[in-house]
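# Commentary on secondary and tertiary structure
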Amino acid sequence: MYTQTVTILNKQGFHVRPAQLFADKAGESGAAVKLRTEDGKVADGKSMLELMTLGIEEGAVITIEGSGDGEQEVVEALAALVESKFGEA
């Protein structure tokens, strides 16, 4: 398993658009992807619906976990996506 911890920087938090971009990027990999919040909630990183149920707000620290073939690459790509604010200003 490969993990990386990042902070949500978007003013509106992890809303619909970021959740969709995250799920789409995670879905490109053969690795299993999970997103874990500081309070222990976990969601399948490939499920936009599960990601939305976490209610992640700006400033939240999340851990991205990958396991399986391509785990490091997908976790690093997802962390970069989060750090880029999902392309938002």
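Because the structure is a prediction, the values reported are computed rather than measured. (Residues numbered from 1 in each chain as written. Predicted model: local features only at pLDDT ≥ 70, side-chain atom pairs only at ≥ 80, totals over all residues. Heavy atoms only, no water.)

The next point concerns the overall build of the protein. If you tally the helices and strands in the protein, you get three helices and four strands. For the protein, the sequential pattern of α-helices and β-strands runs β-α-β-β-α-β-α. When its C-alpha atoms are laid out on the principal axes, the protein stretches across 35 × 25 × 20 Å. Burial status across the protein gives 37% buried among its 89 residues. At a minimum sequence separation of 6, the contacts of the protein that also span at least 24 residues come to 70%. A total of about 4700 Å² of accessible surface is found on the protein, and carbon and sulfur atoms cover 49% of it. Of the side chains in the protein, 8 bear a positive and 15 a negative charge, and the two mean positions are spaced by 4 Å. (Helix = DSSP H or I, 4+ residues; strand = E, 2+ residues; numbered from the N terminus. Buried < 20%, exposed > 50% of the residue type's maximum accessible area, 1.4 Å probe, protein only. Contact = heavy atoms within 4.5 Å. Areas by Shrake-Rupley, 256 points an atom, 1.4 Å probe, with all protein chains shown as cover. Lys, Arg positive; Asp, Glu negative; His and termini not counted. Charge placed at Lys NZ, Arg CZ, Asp CG, Glu CD.)

Take the pattern of salt bridges next. Close approach of charged atoms lets side chains of opposite charge pair. Summed over all chains, the structure comprises four salt bridges. Here E28 ties to K25 by a salt bridge, and the two come within 3.6 Å at their closest N and O atoms. For E28, a relative accessible area of 61% puts it in the exposed group. (Salt bridge = Lys/Arg side-chain N within 4 Å of Asp/Glu carboxyl O.)

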